[in-house]
Amino acid sequence: MAEAQARVPGPIRVWDLPVRLFHWLIVGLFAFSWWSGENHDMDWHRWSGYAVLALLVFRLYWGFAGTSTARFAAFVRGPGAALTYARSLAQRPYVAKVGHNPIGGWSVMLMLAALVVQVAAGLFAVDVDGIESGPLSDYVSFETGRAAAKLHHLVFNIALAVVAVHIAAIMVYRFWLKTDLITPMITGKRQSASLPPDAAAAAVGLGLSWRALVGVAAAAAVAYAISVGFRF
Amino acid sequence: MTAKRSFTILPFAVLALTAATLADAAAPPSVTATIAARQANFKKMGKAMKILSDQLKSSAPSQPAMYGAAQVIASNARRQGRMFPLGTGPGSGVETEALPAIWTDKADFDAKMRQLVNESTKLVAVTKAGNAAAIGAQLKATGGTCGACHRKYRAEDE
Ligand code: HEM
C-alpha cells in the first residue's frame with residue numbers, strides 16, 4: 001500500500017496559494033516602494049508600505065496557521081541541519097525538497113525580518129523638511145523620527161543585499177543544481193520525479209480555508225489601525 | 001612722530017597676525033560657530049514643522065501651538081540667509097551637509113531662501129486665523145520650499 005503511494009507520477013503541490021500570492025505581491029510592492037521612495041512620491045510610498053505591512057502581518061500569522069510548507073516550525077531549523085544539508089549539496093543528482101530547505105529557511109526569516117524593520121522604521125520616520133512622516137511619527141520626537149528615517153534608509157540597503165543573495169541562490173539552484181525553484185513558486189507545483197520518493201505524503205493543499213480568511217481580516221484590520229495612527 | 005606711527009601700525013599688525021593664525025587652523029572658530037548655528041536653526045524649523053503636522057493629524061488641533069510653531073519657522077527663516085558666508089561649505093573641514101553649489105549658484109540659493117521667508121510669513125498669517133484646511137495647504141507650500149532647496153543644496157543623509 002505504502003509502496004503504491006510512494007511514487008505518484010505527475011506534479012505535487014508544494015506551495016499553497018497564500019504563500020505564492022504573498023511572494024509575488026511582495027516582489028511587486030518592494031520594487032514599487034523603492035521607485036516611489038526615490039521619486040519622493042510619498043502618497044504612493046505610504047500606500048505601498050501599508051500594503052506591505054498587511055502582507056507581513058498575514059505572513060507571520062500564516063507561519064503558524066498555514067499549510068505545512070508555510071509554517072515556521074517546519075522550516076526554521078538549527079545550524080546542525082543547515083550543515084548536514086550543505087554537505088548534501090555535493091550529491092548528484094540534487095534532489096529537491098518539499099518546502100524550504102534548512103538554509104533557505106534562514107534566508108526567508110532574514111528577508112521577513114528585514115522587511116519588518118523596514119516597515120516599522122517607516123511608520124515612525126520624519127523627513128528633513130518635517131512635512132512627510134509616517135502615521136506613528138507624532139508619538140515620537142523630531143530627533144527619534146529623523147533616526148527612524150536613517151534606519152529606514154540603512155535597512156533598505158540591507159534588504160537589497162539580502163534579496164540579491166536570495167536571487168543569486170535561486171540562480172545557483174537553476175544552473176548548478178539543475179533545479180527550477182521559480183516555476184513552483186508560480187504554479188505551486190513541482191514534478192514528483194525531482195522530489196524524494198515519499199514526497200506525495202508531504203503535498204500541501206491550496207490553503208483557502210477559513211483560517212486564510214481570518215488572516216486576511218486580521219492583516220487588514222492591523223494595517224488599517226496603524227495607518228491611521230490608532231486615531232479612529 | 002615715529003613712535004606715534006608705530007603705535008598706529010601695531011593694532012593692524014596684531015590683526016594681520018591673528019588673521020593668519022585663523023586661516024592656518026583647520027576651521028576658524030567663526031566658521032564652526034556659523035555652521036553650528038545654522039544647523040541648530042534648521043533643526044528648530046524642522047521641529048516646528050513636525051508640531052504643525054502632528055497637530056493637523058489630531059482631531060482637535062491646537063491653534064496656539066500651530067501659531068507658535070509658524071512663528072519659529074518664519075523668524076528662523078529670516079536669519080538663515082546670512083548663515084552661508086563664503087568658506088562655510090564642505091571645504092571648511094567642519095561637518096556640514098551644505099553642498100558647494102550654494103556658492104556657485106548663490107543667486108538661485110538666495111531666491112529659494114526668500115521663497116521660504118515668503119511662504120512662512122503666510123503660514124504665520126493662516127495659523128493666526130486658525131482654519132485647519134488653510135493651514136494644511138500653507139504647510140504644504142512651506143514644506144515645498146524646504147524640499148526644493150534641500151534637493152539641490154543639501155547632501156542626502158543615508
Ligand atoms: C524576481 C526576483 C525573485 C525571484 C525569482 C524569487 C523567487 C523565490 C523563490 C523561488 C522562493 C522559494 C524559495 C524556496 O524554494 O525555498 C522565494 C521565497 C521568498 N522570497 Fe523571493 N524571489 C524574488 C524576489 C524577491 C524579493 C524582491 C523579495 C522581497 C524582499 C523576496 C522575498 C521572498 C520571501 C520573503 C520568500 C519566502 C516566501 C514564503 O515562504 O512565504 N523575493 N522567492
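The rules behind each value
- Residues numbered from 1 in each chain as written.
- Chains lettered and ligands numbered in written order.
- Predicted model: local features only at pLDDT ≥ 70, side-chain atom pairs only at ≥ 80, totals over all residues.
- Heavy atoms only, no water.
- Helix = DSSP H or I, 4+ residues; strand = E, 2+ residues; numbered from the N terminus.
- Buried < 20%, exposed > 50% of the residue type's maximum accessible area, 1.4 Å probe, protein only.
- Areas by Shrake-Rupley, 256 points an atom, 1.4 Å probe, with all protein chains shown as cover.
- 1 Å grid on protein atoms, 1.4 Å probe; cavity = no way out; pocket = protein on both sides within 12 Å on 5 of 7 lines; lining within 4 Å.
- Points joined across faces, edges and corners; volume = space filled by probe spheres on them.
- Nonpolar A, V, L, I, M, F, W, Y, C, P; charged D, E, K, R; others polar.
- Near = heavy atom within 4 Å.
- Polar contact = N/O pair within 3.5 Å; in protein donor to acceptor, adjacent residues only side chain to side chain.
- Contact = heavy atoms within 4.5 Å.
- Buried area = accessible area lost by both parts, 1.4 Å probe.
- Salt bridge = Lys/Arg side-chain N within 4 Å of Asp/Glu carboxyl O.
- Donors = N, O, S within 2.8 Å, 3.2 Å for Na, K, Ca; no water.
- Tetrahedral: all angles 85-135°; square planar, octahedral: opposite > 155°, others 65-115°.
- pLDDT = per-residue confidence, 0-100.

*Asks:* Outline the overall build of chain B, supporting the account with residue identities and numerical values.
*Replies:* On a plain count of helices and strands, chain B comes out with six helices and zero strands. Mapped in sequence order, the helices and strands of chain B form the string α-α-α-α-α-α. Put simply, chain B has 158 residues, and 34% of those count as buried. Split by element, the accessible area of chain B, about 9,000 Å² in all, is 64% carbon and sulfur.

*Asks:* Could you give an account of the layout of surface pockets, with specific residues and numbers?
*Replies:* Space inside the largest pocket adds up to approximately 1,400 Å³. In terms of lining residues, the largest pocket is bounded by 47 residues, among which Gly37, Met42, His45, His152 and His153 of chain A are the most central. Within the residue set of the lining of the largest pocket, elements represented by two or more residues are helix H2 (17-38), helix H3 (42-65), helix H6 (104-124) and helix H7 (142-175) of chain A together with helix H6 (132-153) of chain B. Of the residues contributing to the lining of the largest pocket, the split by class is 18 nonpolar, 16 polar and 13 charged. The computed volume of the second largest pocket comes to approximately 1,200 Å³.

*Asks:* Tell me what's going on with unusual backbone geometry, and back it up with residues and numbers.
*Replies:* Residue and element names in this part refer to chain A. In this structure, Pro93 follows Arg92 across a cis peptide bond, with omega equal to -10 degrees. Residue placement: Pro93 occurs in the loop between helix H5 (79-88) and H6. Positive phi is not limited to glycine here, since His40 has a value of about 55 degrees. Assignment of secondary structure puts His40 in the loop between H2 and H3. One non-glycine residue, Phe230, lies in the positive phi region at around 60 degrees. For Phe230, the location among the structural elements is in the segment after helix H9 (210-227).

*Asks:* Describe in detail the site of the ligand, supporting the description with residues and values.
*Replies:* Residues and elements named next belong to chain A. Surrounding the ligand, one finds 18 residues, the nearest of these being His23, Arg59, His100, His166 and Leu181. Here His100 contributes a side-chain N or O atom positioned 2.8 Å from an oxygen atom of the ligand. Between the ligand and the protein, one listed contact pairs a nitrogen atom with a side-chain N or O atom of His166 at 2.7 Å. Sorting the residues of the shell around the ligand by element identifies H2, H6 and H7 as the ones contributing at least two each. Among the elements that make up the shell around the ligand, the one with the highest residue count is H2 (six residues). By residue class, the composition of the shell around the ligand is 14 nonpolar, three polar and one charged.

*Asks:* For the interface of chain A and chain B, give the residues involved together with the corresponding values.
*Replies:* Counting residues at the interface gives 19 residues for chain A and 19 residues for chain B. When the two sides are added together, the surface that chain A and chain B hide from each other amounts to roughly 1,600 Å², 55% of it contributed by carbon and sulfur. Considering only the side of chain A, the residues that lose the most area to chain B are Asp129, Ile131 and Phe142 of chain A, jointly responsible for 33% of the buried surface there. Applying the counting criterion to the chain A and chain B interface returns one salt bridge. By residue class, the composition of the side of chain A that touches chain B is six nonpolar, seven polar and six charged.

*Asks:* Break down the coordination of the iron atom of the ligand for me, with residues and values.
*Replies:* All names here are of chain A. The iron atom of the ligand binds to the protein through His23 (NE2) and His166 (NE2), with metal-donor distances spanning 2.1 to 2.2 Å. Bound by six donor atoms, the iron atom of the ligand shows angles of 78 to 179 degrees at the metal and therefore octahedral coordination geometry. In this pair, His23 sits in helix H2 while His166 sits in helix H7, placing the two residues 143 residues apart along the sequence.

*Asks:* Requested: an account of the confidence of the model for chain B, with residues and values cited.
*Replies:* Residues and elements named next belong to chain B. Predicted confidence across chain B gives a mean pLDDT of 86, with 82% of residues reaching 70 or more. Across chain B, the secondary-structure element scoring lowest on mean pLDDT is helix H1 (residues 2-24), at 48, and the one scoring highest is helix H5 (residues 106-129), at 97. Considering only residues more than four positions removed or in separate chains, one finds that residues 17-25, a stretch of pLDDT under 50, has two contacts. For this predicted complex, the interface confidence reaches an ipTM of 0.77, while the overall pTM sits at 0.83.

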